[in-house]
Structure formats: C-alpha cells, structure tokens
Amino acid sequence: MADRRGDTWKRHISEQLRMRDRVQRQAFEEIISQYNRLLEKSDMQAVLSERYQSDGPRGSQLSAADGGMRGDIQQEMSQMRIKHQEELTELHKKRGELAQNVIELNNQIQLKDKEIQRNEAKISEYQTQIATLEGDCRKLNTFLQDLERANQMLKDEYDALQITFSALEEKLRRTTEDNQELVSRWMAEKAQEANRLNAENEKDCRRRQAKLQKELADAAKEPLPLDPDDDIEVLAEDGGKGPGEASSPSRSLSRTPSKRISQVPPGGLLDSIGNIFGYVRRPGNSLSTSPENTEAPMGGVEVRVPSTALHVFEAHDGEVNAVRFSPGSRLLATGGMDRRVKLWEVVSGHCEPKGALTGSNAGITSIEFDSAGSYLLAASNDFASRIWTVDDFRLRHTLTGHSGKVLAARFLLDNTRIVSGSYDRTLKLWDLRSKVCMKTVFAGSSCNDIVCTEQCVMSGHFDKKVRFWDIRAESIVRELELQGRVTSLDLSQERTELLTCSRDDLLKIIDLRTNTVRHTFSAPGFKCGADWTRVCFSPDSNYVVGGSADGGVYVWNVLTGKLERLLDKHHSSAINAVSWSPSGAFVLSVEKGSKAVLWSDL
C-alpha cells in the first residue's frame, strides 16, 4: 500500500511538470520560430556578402546600369542587415530573459523537490502514527468487547439479585405481618393476664381489708391502759364524726399525751394500720408520717380549672421553650433560649425565683424532674442532655453522643436510666450509674418528644408517627400514624392513656390497651405554634391543657370532650409549653416571647 501511494504522488508531480512545460513552451514557440528564420536569413546574408566580395573585381567591369542596380541592392541589403541585427539583438535579449527564467524555475524546482522530500518524511511519519493508532484501535476494540461481556455478566447477576431481593422482600413482608399478628396476640394475652391479675389483686385486697376490719373491731373491744409519759401519734378526729367512725387518710396528725401501753398490740396489726392510712411505724411502737407520702394520694387531688392569671412575669431573656412542676411540691422549672434552667417556687399566688442551673451551651428544649424531685434533667440544642441536683444547683452529669440537637429527654421509672431523642433521628438509652450510653436505636425520623413506662418508650416523630419501643429488645412494638407532625406526648396518671399533640391542630387521647383513639380535641382558633409545642393532662387525667399560636390557653374536659375554658388575655405570642401542678391548683404557661403566666381559680 505504501508503494502504491508513492507511485501516485510521483505520477501527479510528473503530470504537473509536463503541463507546466506545455503551457510555458507555447509562449516561446513563436519567438523560437522567428529566431530560426532570422538565423536562416543571417546565413543567407553572409553567403550573399561573400559572393559580392568575390565578385568585386568583376564589378568594375560592369556597366553603369548594372552599377546603379547594385547600389540599390546594397542599400536594401544594408537595411536588411540592420534589421536582422536588431532582431538578433532582441532575440539575444529574450534568450537572456529566458535563461534567467529557466534558472528561476530550476530554483523553484529544487525548492519543490525539498518540499516534496519533507512531505515524504511527514507522510512516512504519519503512516507510522496511523499504524500505531490502528494497533491501539484494535486493542481498544478488544477491550470494549471484554467490557461488553463483563457488563452483560453483571447485568445477568443484577437480574438474578433483583429476583432474589424481590423474593426476600416478599418474605420480609410476610414475616412482618406474622410478627405484627404475634405482637397483637401477645398484647391481647398480656391485657387478659393483666385483667386477671388485677381481679386477683382486687379480691386479695378485699380479703385483707375484711380481715383487718375484723382485727380492728376485736382490738377496739379490748381496753388498753396508756401511760401519760409515752406519746403516740394519733389521727385528729373531726367534730362531726362519731368516735366509732374511721378517720380520713388525708386528715392531719396531732401528737397527744397518752398512757403507756401495758399490752402492746401485735406488730402486724400496726403495720396494717399504717399501710391503710399511709403511715409507718417508728421505734417504740409509735406511728409517723412516711416521707414518700407527705402529699395526699393522687386520687384525692382536687383539680380546679384555672380561670385567672395570678402572676405574669418575665421568665427568661428570650424565648421560653419548656416548663415543668416538681412532683409533690410547689417548685417548678423553666428552660429558655438563654441557655438557663430557672427554678421558681409558687408562694401566695406568685412565682418567686429560687435559683438558676447553668452549664448548657445552647437553648433548653425539654425539662424533666425525677420521681422524688431531687434531680432535674434538661435537653439542649448543643447535642447534649444534663442532670442537676435541685437542692444545691450543681451540674452532676453531661450526656453527649447525639449528632443533632436533643429535643426530649425523660427519666425511666427506676430513675437510674434516661432516654433521649434527637434531631439526628436516634433514641439513646443512658445508664446514670456507669454514665454511658447503653443502647442507640435508629428511629428513621426526628424525635420531638418522649414518654416512658416501665419497659416501653413512646416517641413522637416528625414523620407523623408515634412509635412504641421495647427497651429490652431495641425494636418497635408498633407504630401509630397521625395526620400531622407529632409535637408532644403525655401519659395519664394510670399510664393507660396517651395524650398527643400534632401540627394538624388536634389533640388526641389514645387508649394504650386497645391501641385506639379514644378522644379528639380541637377548637376554633386553636393552632399548634411549633414542632415542640407541649400539652399535658391534669393530675387526675380529667382535663387536658394546651397553648395555641394565638396566645390562648385551651382547657378541654376529657369526660365530655368539649372545650371547658379559654384563657386568652395575657400572652402576646405563641405558647410553647404548659404544665399542671401536681396539687391541681395551678397551671403555668410559657411563650415564644419571654413571659410566663401562672393561672389558677383562686
């Protein structure tokens, strides 16, 4: 192929040279022919001149007529000679020009030859490159074919994996359905077992009460001499009660002088009396009030629906996010965006400051007291939860590990563990004794609030779902989807009903035994103002209270399902949280501004 290409360009150059020779020769053919004629005439004139010279002696002998004719011929010949000489000169001049043109053309030919040589070298180089590229192209084609085969193999494997995945997904769906069915059956059996245990406990309680009443009746028939030097605590009798009537457990205790007991009643009898009225035995067989029962039993709390603002005050420097009453006391805590938790005490209808808990690096989002009111737990926007002791305001624990702001944190019932929920879509279980995170559960959505029972954690999420977690198994027992993002959760006193608040401006009470919605509360003008708006039950679970974006406090009656009261005069911005005091006498509401309002019916 290379020889064929070389012959082609050579033939092309040869044809171009021939064409140039033909074109340039046509321009000089006439000059060459005239030059040849001039040469012939010059040769003829030279011959005639020699002839005239040789005939000169004889010319003297010619006649006068012949002499005149010769003169004319010589004159003509002179003119022809001059003319021929001029033509010859012109031809020489043209020959010189043509010679110069030939030289120039030769130079151009040499230049062209050199250019041809360079082009031949380039052609050779290009041919080498073409051969190399053709080799590379063959290699790439081979590699492409290998890739196509590998791609086809991967495609076949993907199709097989897709089929396997579909089969596994179907198996997972069936397993999930079976699991849900088993969980439902298990929950139903647990409910039946709980009902059976409750019935047995109730029967046992009635038997003990009947036995105790009989023992009391027998003990009352026997007179007991008393020593005036010994003191026992007895129940103060009401004037309206007869001496034979039993006193109420909520009546106050009075210490009165009594005579020494000559015959000490059995210890079991005194213990039984203490269990009934909430007292325990002291050394010396006297009765005293139990520290755990200084407050009246919850069933005896008289809840009053608030109607009046007793105290309006500036709680924080900026937005107030959380509020919580301490169990069994008039102490309450508020948390705000100023990174502080402030403690207040309700005295004579006013909230008096008791101190501030510091240590957080960002705004407070949630507050919780332990069951004894000795510790306070607060969640914060700085990805951590902190625990303080209430009596000395000291920071005891800082729990870090979340990768997003912590929106809720709660004590478990044993007060040795807490659960925290975060914007990072995880829930963490912490052990306060070892100060480490025991478990981390991925919830799949941002957690806005948490409530806990003995072995179950309920969490409300941004994806509109309430999830029920088994602490021991780290798994979801069940899910309940609402119509809006869940902002708040609260448990009733019996822990059998769950109160939810969501961004669809509805409050719902869910029966945890049947997993159904028992009540739905709404009101004209009520609007949930934020993703962390907190609502709560009253201490007797007969009312629910929530704050609205318009600054109103709404109280609903659980028994009737209707709006009981609207308090709408003292807040100027959306309400973030409300809390009902354990005594049932006060409600405190906090807002996105800096104000807090203490409500009551006093």
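Predicted model only: the values in this text are computed from it and were never measured.

Colleague: Explanation requested: the overall build of the protein chain in the structure shown.
Modeller: In terms of regular secondary structure, the protein chain is built from four helices and 32 strands. In the protein chain, the proportion of contacts linking residues at least 24 apart, taken out of those at least 6 apart, comes to 48%. By element, 52% of the accessible surface of the protein chain is carried by carbon and sulfur atoms, the whole surface being about 35,900 Å².

Colleague: Looking at this model, I keep getting lost on the pairing of strand 22 (residues 486-491). Mind explaining?
Modeller: Regular strands have side chains that alternate between both faces of the sheet. Counted residue by residue, strand 22 has six buried out of six residues, so it is predominantly covered. From the end of strand 22 to the start of strand 23 (residues 497-502), which pair antiparallel, there are five residues, and R495 there has a positive phi angle of about 60 degrees.

Colleague: Explain the state of the cysteines here, please?
Modeller: Applying the stated criterion across every chain, the model contains zero disulfides. Cysteine C447 is unpaired, with the sulfur of C452 as its nearest cysteine sulfur at 9.9 Å.

Colleague: Even after reading the chapter, I still don't get the sheet that holds strand 22, so can you show me in this structure?
Modeller: In sheet architecture, strand pairing relies on hydrogen bonds along the backbone and comes in two forms, parallel and antiparallel. Ordered by their spatial adjacency, four strands build an open sheet running 22-23-24-25, and the pairing between neighbours is antiparallel. Whereas interior strands pair on both sides, the edge strands pair on one side only; in this sheet they are strand 22 and strand 25 (516-521). Ignoring which end each strand starts from, the neighbouring axes of this sheet average 25 degrees apart.

Colleague: Sorry if this is basic, but what is going on with the sheet that holds strand 8 (residues 341-347) here?
Modeller: With antiparallel pairing, four strands are arranged side by side in an open sheet as 6-7-8-9. Two strands lie at the open edges of the sheet, namely strand 6 (320-325) and strand 9 (350-357), each paired on one side alone. Taken pair by pair, the neighbouring strands of this sheet meet at an average axis angle of 25 degrees, ignoring direction. By the bridge criterion, five bridges tie strand 7 (residues 331-336) to strand 8 in an arrangement that is antiparallel. Bridged to L332 within strand 8 is W344.

Colleague: Help me understand the environment of V544 in this model?
Modeller: For V544, the position within the fold is in strand 27 (residues 543-547). Looking at V544, the relative accessible area reads 0%, which means it is buried. A C-alpha to C-alpha distance of 5.8 Å links V544 and V555, two positions eleven residues apart in sequence. In this structure V544 touches L499, L507, I509, F521, C536, F537, Y554, V555, W556 and V558, once residues within four positions along its chain are discounted.

Rules and cut-offs
Residues numbered from 1 in each chain as written. Predicted model: local features only at pLDDT ≥ 70, side-chain atom pairs only at ≥ 80, totals over all residues. Heavy atoms only, no water. Helix = DSSP H or I, 4+ residues; strand = E, 2+ residues; numbered from the N terminus. Contact = heavy atoms within 4.5 Å. Areas by Shrake-Rupley, 256 points an atom, 1.4 Å probe, with all protein chains shown as cover. Buried < 20%, exposed > 50% of the residue type's maximum accessible area, 1.4 Å probe, protein only. Pairing = 2+ DSSP bridges. Disulfide = S-S within 2.5 Å. Axes fitted to C-alpha atoms, helices over the stretch in contact; angles between N-to-C directions.

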